[in-house]
Amino acid sequence: MRVGQVGEFGLIDMLAKNLATPPSPVIVGIGDDAAVWRWSRKTSIATTDTLVENVHFRLYFTTWYDLGWKCIAVNLSDIAAMGGIPNYALVTIGLSRDMEAESVGEMYRGMADISQQFGTTIIGGDTVSSPLGVFVSATVFGEATDDDEPPKLMLRSKARVGDRVCVTGFLGSSAAGLELLMREQKLDPHIAAVLLQAHLRPIPRLREGQELAASGVEAGMDISDGLVGDLQKMCKLSGVGARILLDSLPIHEVTRRVFPARCVDFALYGGEDYELLFCASNDVVAATRRAFEAKGLAPITIIGEVVAGPVGEVTLLTEDGAELKASRGGYDHFAEGTRR
Ligand code: ADP
Ligand code: MG
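All of these numbers come straight from a predicted model, not from anything done at the bench.

Each value, and the rule that gives it
- Chains are numbered independently. Their residues run from 1 in the order of the written sequence.
- Chains and ligands are labelled sequentially in the order written, the chains with letters from A and the ligands with numbers from 1.
- Local features in this predicted model are restricted to residues of pLDDT 70 or higher, and side-chain atom pairs are both shown and tallied only at a pLDDT of 80 or more, whereas totals for entire chains, interfaces and linings draw on every residue.
- As a rule here, side-chain values cover all heavy atoms of the structure and leave hydrogens and water aside.
- For this purpose, a residue is taken to be near a molecule or strand whenever a single non-hydrogen atom of the residue falls within 4 Å of it.
- For the purposes of these results, a polar contact is taken to be a pair of N or O atoms within 3.5 Å, where, inside protein, one atom must be able to donate a hydrogen and its partner to accept one; residues adjacent in sequence count only when each atom of the pair is a side-chain atom.
- Residue type decides the class: Asp, Glu, Lys and Arg count as charged, Ala, Val, Leu, Ile, Met, Phe, Trp, Tyr, Cys and Pro as nonpolar, and the leftover types, Gly among them, as polar.
- To qualify as a nonpolar core, a set must consist of buried Ala, Val, Leu, Ile, Met, Phe, Trp, Tyr and Cys residues joined through side-chain atoms within 4.5 Å.
- Between buried and exposed lies partly exposed: a residue is buried under 20% and exposed over 50% of the maximum accessible area for its type, with that area taken using a 1.4 Å probe on protein chains only.
- Starting at the N terminus, helices and strands are each numbered in turn, a helix being any DSSP run of H or I of at least four residues and a strand any DSSP run of E of at least two.
- Residue contacts are defined here by distance: any two heavy atoms, one from each residue, within 4.5 Å place the two residues in contact.
- Patches here are clusters of residues that have more than 30% relative accessible area and form no salt bridge, with a 9 Å joining cutoff for like charges and a 5 Å cutoff for nonpolar side chains (Val, Leu, Ile, Met, Phe, Trp, Tyr).
- Residue exposure ignores everything except the shown protein chains as possible cover, and the areas themselves are Shrake-Rupley values with a 1.4 Å probe.
- Counted as salt bridges are all cases of a side-chain nitrogen of Lys or Arg within 4 Å of a carboxyl oxygen of Asp or Glu.

### Comments concerning the site of ligand 1
Lining the immediate surroundings of ligand 1 are Phe9, Ile12, Ile30, Gly31, Asp32, Asp33, Asp49, Asp78, Arg156 and Ser224. Here an oxygen atom of ligand 1 sits 2.8 Å away from a polar atom, N or O, in the main chain of Gly31. Asp49 places a side-chain nitrogen or oxygen 3.2 Å from an oxygen atom of ligand 1. Tallied by class, residues from the shell around ligand 1 come to 3 nonpolar, 2 polar and 5 charged.

### A few points about the nonpolar core
General note: in soluble globular proteins, nonpolar side chains tend to be found buried as a group. Counting residues in hydrophobic clusters, the biggest one holds 50 residues, and the most contacted among them are Leu67, Met107, Val136 and Leu212. Every element with two or more residues in this core is listed here: β3 (42–52), α3 (64–82), β4 (85–95), α4 (101–117), β6 (135–143), α7 (206–214), β10 (276–280) and α11 (282–295). Per-element tally for this core: the top contributor is α3, with 13 residues. Core analysis: the second largest hydrophobic core is formed by 29 residues, Ala219, Leu227, Leu231 and Cys235 among them.

### Brief notes about the side chain of Glu179
Residue position: Glu179 is located in helix α5 (residues 173–183). There is a polar contact of 3.3 Å between the side chain of Glu179 and the side chain of Arg262. Once residues within four sequence positions are removed from consideration, Glu179 is found in contact with Phe259, Arg262 and Phe266.

### Details of a nonpolar patch on the surface
Together, Phe9, Ile12, Leu19 and Ile30 line one region of the surface with nonpolar side chains, adding up to about 360 Å² of accessible area. With respect to the element layout, Ile12 can be found in helix α2 (residues 8–17).

### Focus: the side chain of Thr47
Its place among the elements puts Thr47 in strand β3. Thr47 sits in the buried class, given a relative accessible area of 6%. A polar side-chain atom of Thr47 sits 3.5 Å from a polar atom in the side chain of Asp78. The residues contacting Thr47, other than those within four sequence positions of it, are Asp33, Ala34, Asn75, Asp78, Ile79, Ala138, Thr139 and Val140.

None of this, on its own, says anything about what the molecule does.
Below you can see the structure in the form of structure tokens.
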């Protein structure tokens with residue numbers, strides 16, 4: 001069967017089945033935002049993510065600085081999704097011979113700035129030629145905020161029936177930013193900046209993730225492939241379903257104003273928001289909301305609840321209580337008609 005027929009996640013499942021079962025120090029293997037293992041009474045975390053030219057970015061509207069920033073940001077977001085602290089990164093770049101060396105330097109300035117801002121150091125990598133397009137890949141290592149066994153971390157498999165479904169920040173801003181870039185739509189720069197920054201220079205929710213894990217939130221992930229698709233993954237791994245109230249989605253007023261007809265679609269399916277999606281009891285959510293406010297962290301919005309089933313399904317509820325089944329899942333690299 002071809003990769004396009006199996007799909008990105010079917011392929012990962014297939015590959016994972018043929019690998020040896022990880023040894024006992026591995027707490028989390030394939031399937032979550034990052035891998036986790038215990039070593040010398042410490043909990044280590046590692047994740048890797050790659051950006052490919054004309055799949056994840058287009059050089060005609062992405063600066064080299066932004067590309068460097070985003071490559072590290074998306075990896076840090078996976079560490080945030082676990083509730084971990086990042087510390088080191090390895091970076092691999094694929095370049096063509098005729099590229100300007102200064103551009104690579106600019107990309108590294110973006111990487112260095114975000115790394116420094118979030119306490120990460122680039123300690124190595126690899127440089128290869130890639131005649132058909134630029135790619136940049138990072139692997140980030142980190143650790144849990146405590147040495148407990150089990151450590152306080154957020155996993156995709158821990159959503160429980162009755163939990164509130166919550167997100168940090170705004171949804172759909174990145175998809176709106178991408179749309180502006182593709183259309184080359186000119187807006188007031190202050191208005192556009194909100195959406196462009198969300199798409200080109202996302203901020204990983206590291207402090208938020210650490211605070212959530214420390215306050216006892218056990219179920220969480222980051223939203224990289226779209227809210228619905230990512231929530232479906234969390235539900236599947238937790239053996240539950242979820243209901244989302246469409247009216248509760250936190251959509252930035254700029255997104256609503258510029259894309260009134262499409263903003264809900266962007267929030268549900270857009271992807272690349274790099275906000276955190278988590279599930280916890282009402283009491284835990286109320287306490288974490290207060291803690292977030294006191295510490296000046298991103299806002300938390302309750303968008304729905306975890307239900308018994310159907311397992312892996314996300315139901316969308318309109319204001320008048322009508323149920324809509326999610327029209328599609330999240331971004332799949334090998335699905336037909338993918339736009340990126
Ligand atoms: P995320 O969107 O959080 O980066 P992915 O959807 O990329 O997560 O990956 C889901 C899970 O599958 C992760 O645990 C990741 O490590 C694993 N994975 C992805 N591709 C491969 C691969 N080629 N081989 C082994 N594991 C993989
Ligand atoms: Mg992730």
